[in-house]
Amino acid sequence: MEEFITTHRMNPDIDPVLTIWRWQVSVYLFLGGLTAGLLILGALSVLQRRKAAPTAAQRLLVWTPVVLGVGLFSLFLDLEHKIHVYRFYTTFRVTSPMSWGSWILLLVMPVSVLLIAGTMRETWPGLYAWAERKGLRGLATFSEKRLMGLARLSVALGVALGIYTGILLSAYGARPFWNTAILGPIFLVSGLSSGAALVQWMSRDEREHRLYTRIDVGLIAFELFLIGLMLIGMASGPERQQAAAHLVFGGELTTYFWVFVVMIGLLLPVLLEVFHLKGRPQPRFIAPAFVLLGGLIFRFFIVEAGQLTTWIGY
Amino acid sequence: MAAKKRYAMVIDTKLCIGCGDCVVACKMENEVPEGFCRDWIVESVTGVFPNLHMEYRSERCNHCSNPPCVHACPTGASFVDDESNITLVDPDMCTGCKACIAACPYDARYVRPEGYVSKCTFCIHRVREGLDPACVASCPTHCMHFGDLNDPESNVSKLLESRPFKVLAPEAGTEPNVYYLI
Amino acid sequence: MWGNSCQGLGVEALQSGSGNAFKWAGRDLIISRPECAPPFGIGEAFPECTIQPYLETDMSVNRREFIKIGALGLGSMSLAPKVFEWGPSAAKTFPVQPGDVVTRAPTYCEICFWKCAGWAYTKNGRPWKIIGHDEDLHSHGRLCTRGSSGLGLYNDPDRLQRPLIRVEKDGRQTFKEVSWDEALGFIAERLQALKETHGPESLAMFSHGNGAVHWKTLVKAFGANCIAAPSFAQCRGPRAAGFYLTYGETVGSPERTDIENSRCLVLIGSHIGENLHNGQVQEMSKALDRGTEVIVVDPRFSVAASKARHWLPIKPATDVALLLAWINVILEEDLYDRDYVARYTVGLDKLKEAVRENTPEWAYPITSIQPEVIRETARLMALHAPATLVHPGRHVTWYGDDTQRSRAIAILNALLGSWGRKGGFYLPQSAHVPAYPHPPFPKPAWSPCDFTRALYPWALSPVASHVRDMTLDPPDPEKQIKAWLVYGSNLIYSLPQPEKTIAAVQKLDLMIAVDILPSEITGWADVVLPECTYLERYDDIRTSPGRVPQIAVRTPAFEPAYDTKPSAWMVKKLAGMMGLDDYFPWADMEEYLDHRLQQVGSSLEEMHELGVKTLPSLGPNYFQPGEEVTFNTPSGKIELYSQQMADAGFDPIPRYTPHAEPPDGFYRLLQGRSPFHTFSRTTNSPIFTELMPENELWINPQVAADWGLKAGQYVKMQNQDGKTSQFPIRTRITERIRPDCVYMVHGFGHSDPRLKRGFGRGADDNEMCTTVKIDPLMGGTGRRSNFVTFITEGV
């Protein structure tokens with residue numbers, strides 16, 4: 001069968017394959033996931049200790065608005081009509097994951113700032129002193145009083161953010177490789193794993209370091225399991241989903257997926273972490289760096305793979 | 001307000017010769033920028049020489065009754081005109097996020113050089129005046145028909161009653177309103 | 001009228017109100033029109049309508065808002081409905097706005113030879129679109145793909161902009177931009193010199209298109225009469241000769257084929273739908289919709305074949321065998337129209353005798369079409385006769401025996417009784433519009449055409465390729481062609497063996513090219529005159545034949561761009577310089593056209609408004625039952641057997657002669673048309689370089705497998721004479737073609753870098769046709785005996 005567009009429709013970024021979303025979106029999805037991971041892990045640490053404490057997980061909270069800000073800037077770069085960016089906030093479209101996402105992001109930002117304000121006396125005394133000088137002690141006191149509530153809210157928002165980054169893509173029925181509900185959990189787990197890796201990297205406490213290494217091993221294993229489920233679901237799905245699965249089973253992205261996403265991005269870091277736990281010496285940053293790299297590669301892969309799959313083969 | 005319409009296009013693949021007049025007529029009427037197309041022709045050949053079947057289809061936005069692009073739009077720039085069931089884009093609300101493009105299984109949308117998303121409008125500026133869309137009005141084979149499916153007496157309703165037809169990617173669940181007589 | 005004039009804009013007159021009120025996109029508008037008083041100037045004072053928002057205070061007309069965004073599905077949970085109002089937002093969505101000034105001017109298309117009438121629109125003084133004229137018999141209100149894209153020619157940035165003269169600079173030849181006075185003065189001077197040295201007869205003209213009218217007058221006034229167009233010997237000449245020999249008439253253009261009423265349509269290599277001859281395409285579509293039986297004979301699964309119930313994928317070059325087998329079946333099975341044949345034809349017995357051996361079983365190994373298929377299709381033709389049309393085709397210069405093949409088609413139609421019958425060939429009518437009077441032309445002492453006619457007895461028109469050959473190699477040293485005037489015809493692509501064309505140009509004293517684009521032939525000219533497009537000028541009245549007589553006018557819709565001019569202006573000025581004023585006694589085209597139109601009871605003013613005018617019918621379109629008809633043949637009958645051909649030493653009844661077969665590893669090269677392009681003329685159009693930027697070489701998958709070719713791979717072609725294509729061509733691996741041939745669309749592979757978009761895009765089929773089979777009856781140049789192989793290395 002020969003089926004093609006005879007009029008050489010070459011609409012930019014649509015033909016011959018969809019390339020509307022490039023590195024900007026991949027970077028945003030990665031940083032969004034990392035934000036979710038850091039926020040959840042930091043908030044969980046607060047909840048677990050029932051107080052603010054100078055753990056790496058809590059100290060890293062200070063980076064969440066920054067990381068998210070960079071991510072949002074990357075997303076902003078992707079907009080073709082930038083001066084209309086405010087339009088995201090003049091409405092709420094219940095059917096649009098992107099609309100949900102923009103409102104979630106709007107909530108994550110202040111909540112994460114409050115959580116930082118509530119923990120900084122312990123985690124970043126310098127920052128606290130600076131805030132005090134700027135007359136922001138009230139903010140800190142306000143947050144400290146409500147720290148447990150803020151932490152619970154942060155976990156909830158972090159989960160929403162992490163899942164949203166996946167749902168954003170999985171809601172597109174038009175792109176079979178994205179169109180699987182498991183993508184939300186995968187992105188959440190991947191975001192958590194990235195967060196755990198960063199905590200593990202930044203931790204100065206050996207116990208905490210090993211704890212987050214162990215957590216990360218679990219998360220990556222779980223992520224691999226979920227990705228496996230995703231592919232099994234796809235490969236055993238209807239025709240279009242099967243065609244999407246073919247992308248990594250002999251198709252265009254086979255090498256990309258198995259070598260870069262699976263081996264370098266997931267198996268290699270998890271092996272490094274396991275070796276590390278077993279006491280094999282290695283530089284402290286190696287494993288977490290690979291985890292973070294793997295998270296980024298995974299976002300690039302998913303963004304590209306989805307755009308390569310379609311309902312219509314021309 | 002006038003009775004609610006459900007505009008649809010019915011294209012007879014038995015007559016379409018794939019000449020692309022619809023594509024050019026659209027480009028001229030709507031001043032579609034150079035390098036962009038709102039409609040296009042697909043040639044589909046099945047079989048092995050000399051037992052062959054060929055179908056031409058003039059394709060465009062399907063103005064779906066369940067439009068994933070409208071559902072995906074975070075700002076409400078993509079909307080369905082309540083009166084006509086035509087899917088339109090309000091350029092002043094569009095951020096160029098391209099969610100609608102990702103959502104469209106037919107790849108019918110594109111980003112104009114100015115940064116907002118555009119696509120087939122079913123030439124509603126003509127339709128409102130009782131004219132056919134430019135593509136339909138130009139087709140030398142008369143294989144394209146346009147009308148209101150809510151009107152059982154319309155040309156398109158009658159054609160769909162009397163002839164076998166198909167739509168593109170019905171499995172996508174978009175309930176398209178461009179029909180192909182087969 | 002004004003309401004009508006605005007219909008195409010999406011404006012419709014309201015019955016209520018002042019009559020000047022219009023609804024536009026749901027808003028109420030008034031149309032105000034400045035008084036349009038003749039004479040119409042170019043680009044101004046055309047009928048025009050100004051669209052303004054209706055006065056807010058006038059409540060007599062119902063008002064409604066434009067588009068309301070409704071609640072949509074789940075979206076209803078979000079926000080209150082929004083109203084989409086006219087404003088900057090709508091301006092970005094829809095092409096016309098309240099307040100826009102829209103004008104239109106009648107024209108007829110010049111992108112191909114079908115000449116469909118239409119309207120060229122401007123919006124706020126800028127060109128907008130061209131749409132068909134509802135009353136026009138050629139287009140029925142619908143232009144084809146190319147016609148709709150006419151602005152692509154107008155907007156082509158590569159257009160010739162100013163007159164050019166060849167000069168020597170630093171030892172190299174180049175073009176110098178000159179003024180019109182200088183360019184025309186140069187021509188006048190050189191033609192005068194030519195007249196003195198070689199006589200006026202040494203000027204030959206090549207033309208294509210309606211703008212050539214005044215140039216032809218000038219050539220004749222100058223004292224020459226050799227005016228050739230490649231559309232004869234490179235295209236439809238064999239058909240003209242074959243039908244002329246049989247019926248004493250040709251089929252004309254647009255063809256007198258009654259496809260609309262046919263019940264059985266037979267196409268032999270004619271790919272209607274890919275050749276976008278508008279009226280025929282529309283009629284075929286109507287016929288298909290009615291369930292007309294279509295039989296297509298083509299080695300390729302053409303678009304028409306895909307619509308046909310019977311596709312006969314014939315072995316190329318064997319059509320005559322199939323036609324003879326069909327004739328054999330129809331005669332042997334007594335399926336022919338006995339009354340018609342007895343009344344109107346001569347030579348039945350000789351025909352029967354001649355085709356006795358040409359049974360379907362005989363034809364099978366030749367054509368590869370199975371005998372039962374041949375029988376079945378022949379019976380179908382007879383079943384629906386006389387409403388069976390065996391289409392004569394248009395581009396029919398294939399194998400050098402094309403007049404004979406056209407004869408076979410003509411004979412088959414005669415047996416079916418379809419000539420002059422409903423569903424076959426109708427009797428066409430043309431409007432007779434008397435010419436603008438001018439003095440008689442001087443009689444040339446000799447004409448190159450005399451040599452052509454001596455060589456090819458049924459060359460009904462001058463043979464462009466022969467004129468070229470005679471320029472290169474004069475049959476009489478005293479009678480040489482020393483100057484060419486080439487109007488709108490890219491001879492490098494339209495004449496076979498382009499190297500011969502280039503060699504012939506070298507022998508000229510003067511070479512003048514009139515063109516819109518810097519087509520390849522203009523690169524060989526001494527002087528190039530840039531013509532404005534058909535959208536920027538008046539041209540002569542269209543009087544083409546049809547079912548009823550009709551006239552159409554072409555008027556300028558826009559000012560000529562750059563320093564381009566209409567031919568009428570150029571010729572009038574040049575004639576003045578050459579002392580030939582008397583032949584152009586009109587002041588300008590307005591006066592010329594108005595004078596001619598007055599002769600048929602119209603006027604230029606009226607035609608500016610009407611565009612097209614249908615004149616009273618001159619009689620029936622079909623023979624009446626039992627009508628006695630005298631045909632313009634020596635016998636006065638339809639000649640199944642042609643005594644005059646026998647007398648001239650040709651086969652009086654077509655005979656099958658085998659043609660050369662492709663050598664091993666070579667494939668017969670077939671050419672055709674695309675709906676997106678007219679020859680090589682449109683391959684630089686900004687619109688079409690987008691929609692069809694290059695041609696492809698169609699290759700059967702078996703062949704591709706043998707050669708290890710991949711779809712979309714670029715290859716070069718090499719032919720049997722060792723000629724390699726200048727540019728590579730993309731392969732299309734498709735089941736739509738037989739394995740013994742390859743196919744490509746004509747007109748690509750421009751070699752002139754001044755054609756920026758078309759340069760090097762795709763390949764040129766013409767350069768691959770080094771072997772040319774000349775039709776001995778009319779001088780046609782058959783190009784389908786060329787075979788190509790693929791070069792994959794170094795492409």
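Residues numbered from 1 in each chain as written. Chains lettered and ligands numbered in written order. Predicted model: local features only at pLDDT ≥ 70, side-chain atom pairs only at ≥ 80, totals over all residues. Heavy atoms only, no water.

## With respect to the overall build of chain B
- A tally of regular secondary structure across chain B gives six helices and ten strands.
- What you see for chain B is a C-alpha radius of gyration of 16 Å, in line with the 16 Å of a compact globule of 182 residues.
- The principal-axis extents of the C-alpha atoms in chain B amount to approximately 50 × 40 × 35 Å.
- A buried classification covers 74% of the 182 residues belonging to chain B.
- Summarising the internal contacts of chain B: among those between residues at least 6 apart in sequence, 57% fall at separations of at least 24.
- Surface summary for chain B: the accessible area is close to 4,900 Å², and the carbon and sulfur share equals 53%.
- Averaging the positions of the 17 positive and the 24 negative side-chain charges in chain B gives two centres separated by 2 Å. (Helix = DSSP H or I, 4+ residues; strand = E, 2+ residues; numbered from the N terminus. Rg over C-alpha atoms; globule rule 2.2 N^0.38 Å. Buried < 20%, exposed > 50% of the residue type's maximum accessible area, 1.4 Å probe, protein only. Contact = heavy atoms within 4.5 Å. Areas by Shrake-Rupley, 256 points an atom, 1.4 Å probe, with all protein chains shown as cover. Lys, Arg positive; Asp, Glu negative; His and termini not counted. Charge placed at Lys NZ, Arg CZ, Asp CG, Glu CD.)

## Focus: the overall build of chain C
- Assigned secondary structure in chain C consists of 25 helices and 33 strands.
- Excluding contacts between residues fewer than 6 apart, the proportion of contacts in chain C whose partners are at least 24 apart in sequence is 73%.
- Roughly 27,700 Å² of accessible area belongs to chain C as shown, and the carbon and sulfur atoms make up 50% of that amount.

## A closer look at the interface of chain C and chain B
- Listed per partner, the contact involves 68 residues of chain C and 61 residues of chain B.
- Together chain C and chain B conceal approximately 5,100 Å² of surface at their shared face, both sides included; 58% is due to carbon and sulfur atoms.
- Among the residues chain C hides against chain B, the three largest losses belong to C:Lys92, C:Arg142 and C:Glu735. Together they make up 12% of the total.
- Remark: the boundary between chain C and chain B carries six salt bridges.
- A salt bridge links C:Arg732 to B:Glu43; the shortest N-O distance between them is 2.5 Å.
- Our count for the chain C to chain B interface comes out at 18 residue pairs in polar contact (both at pLDDT 80 or more).
- It is helix H8 (residues 278-290) of chain C that contributes the most residues to the side of chain C that touches chain B, six residues altogether.
- Across the side of chain C that touches chain B, the residue classes tally to 32 nonpolar, 18 polar and 18 charged. (Buried area = accessible area lost by both parts, 1.4 Å probe. Salt bridge = Lys/Arg side-chain N within 4 Å of Asp/Glu carboxyl O. Polar contact = N/O pair within 3.5 Å; in protein donor to acceptor, adjacent residues only side chain to side chain. Nonpolar A, V, L, I, M, F, W, Y, C, P; charged D, E, K, R; others polar.)

## Quick notes on the sheet that holds strand S23 (residues 550-554) of chain C
Residues and elements named next belong to chain C.
- The strand order S22-S23-S24 describes an open sheet built from three strands, whose pairing is antiparallel. Two strands lie at the open edges of the sheet, namely strand S22 (539-542) and strand S24 (612-614), each paired on one side alone. Direction aside, the axes of adjacent strands within the sheet are offset by 15 degrees on average.
- Where helix H21 (residues 589-599) meets the sheet, its contacts fall on S22 and S23, and the angle it forms with S22 comes to roughly 20 degrees. (Pairing = 2+ DSSP bridges. Axes fitted to C-alpha atoms, helices over the stretch in contact; angles between N-to-C directions.)

## Considerations on the side chain of C:Asn786
Residues and elements named next belong to chain C.
- Within the secondary structure, Asn-786 is located in the loop between strand S32 (781-782) and strand S33 (787-791).
- Here Asn-786 falls in the buried class, since its relative accessible area comes to 0%.
- Within the structure, Asn-786 has its side chain in polar contact with the backbone oxygen of Arg-783 (distance 3.1 Å).

## Quick word on helix H19 (residues 498-506) of chain C
- Burial in H19(C) covers these residues: C:Pro498, C:Thr501, C:Ala504 and C:Val505. Mapping the buried residues of H19(C) onto a view down its axis gives an arc of 115 degrees, with all of them on the same face. (Arc of directions from axis to C-beta.)

## Notes on the layout of surface pockets
- Of the voids in this model, the second largest pocket is the one considered here, and its volume is about 810 Å³.
- Along the wall of the second largest pocket there are 36 residues; nearest its centre are A:Phe4, A:Ile5, A:Thr6, A:His8 and C:Glu696.
- Listing elements by their share of the lining of the second largest pocket, those giving two or more residues are strand S1 (2-5) of chain A together with strand S27 (696-699), strand S29 (729-733) and strand S30 (741-745) of chain C.
- Class assignment of the residues belonging to the lining of the second largest pocket gives a composition of 16 nonpolar, eight polar and twelve charged.
- Lining the lining of the second largest pocket are residues from two domains, each supplying at least three of them: domain 3 (253-427 + 623-647) and domain 4 (667-791) of chain C. (1 Å grid on protein atoms, 1.4 Å probe; cavity = no way out; pocket = protein on both sides within 12 Å on 5 of 7 lines; lining within 4 Å. Points joined across faces, edges and corners; volume = space filled by probe spheres on them. Domains from an automatic or database assignment.)

## Here we look at the pattern of salt bridges
- Counted according to the given criterion, the structure contains 65 salt bridges over all chains.
- Here B:Glu29 makes a salt bridge to B:Arg126, at a shortest N to O gap of 3.5 Å. Placement of the pair is B:Glu29 in helix H1 (residues 21-29) and B:Arg126 in helix H4 (residues 124-127), with a sequence separation of 97 residues.
- On the basis of relative accessibility, which here comes to 2%, the residue B:Glu29 falls in the buried class.
- Across the pair B:Glu34 and C:Arg757 runs a salt bridge whose closest N-O atoms are separated by 3.1 Å. Of this pair, B:Glu34 sits in the loop between H1 and strand S2 (40-48) while C:Arg757 sits in the loop between S30 and strand S31 (773-774), each in a different chain.
- Take B:Glu34: its relative accessible area is 51%, and that puts it in the exposed class.
- By relative accessible area, C:Arg757 is classed as partly exposed at 22%.

## Here's the deal with the environment of C:Leu508
- Checked against the element boundaries, C:Leu508 lands in the loop between H19 and strand S20 (510-515).
- Residues C:Leu508 and C:Gln480 lie 28 residues apart in sequence; the distance between their C-alpha atoms is 9.5 Å.

## Section: a nonpolar patch on the surface
- A surface patch of nonpolar side chains, amounting to about 510 Å² of accessible area, comprises A:Phe249, A:Trp258, A:Val259, A:Phe260, A:Met263 and A:Leu267.
- With respect to the helices and strands, the residue A:Phe260 is situated in helix H11 (residues 254-277). (Patch = residues over 30% accessible without salt bridge, like charges linked within 9 Å, V, L, I, M, F, W, Y side chains within 5 Å.)

## Examining the packing of H11(A) against helix H12 (residues 286-308) of chain A
Residue and element names in this part refer to chain A.
- Close contact between H11 and H12 brings their axes to 8 Å; oriented N to C, the two are set at 155 degrees. Considered as vectors, H11 and H12 are oriented roughly antiparallel to each other. When the axes of H11 and H12 are compared, the crossing they make is left-handed. For the pair H11 and H12, the contacting residues are Tyr-256, Phe-257, Phe-260, Val-261, Ile-264, Gly-265, Leu-268, Pro-269, Leu-272 and Glu-273 in the first and Ile-286, Ala-287, Phe-290, Val-291, Gly-294, Ile-297, Phe-298, Phe-300, Phe-301 and Glu-304 in the second.
- Tallied by class, residues from the contact of H11 with H12 come to 16 nonpolar, two polar and two charged. (Parallel < 35°, antiparallel > 145°, perpendicular 65-115°, else oblique. Left-handed = near helix turned anticlockwise from the far one by under 90°.)

## Notes on the pairing of S23(C)
Residues and elements named next belong to chain C.
- Counting buried positions along S23 yields five of five residues, so the element is predominantly enclosed.
- Burial along S23 is two-sided: the residues Gln-550, Ala-552 and Arg-554 and Ile-551 and Val-553 are all buried.
- Two elements, S23 and S24, share three bridges in a ladder whose sense is antiparallel. Counted as the bridge partner of Gln-550 is Thr-614 from S24.

Bear in mind that shape data such as this cannot, by itself, settle questions of function.
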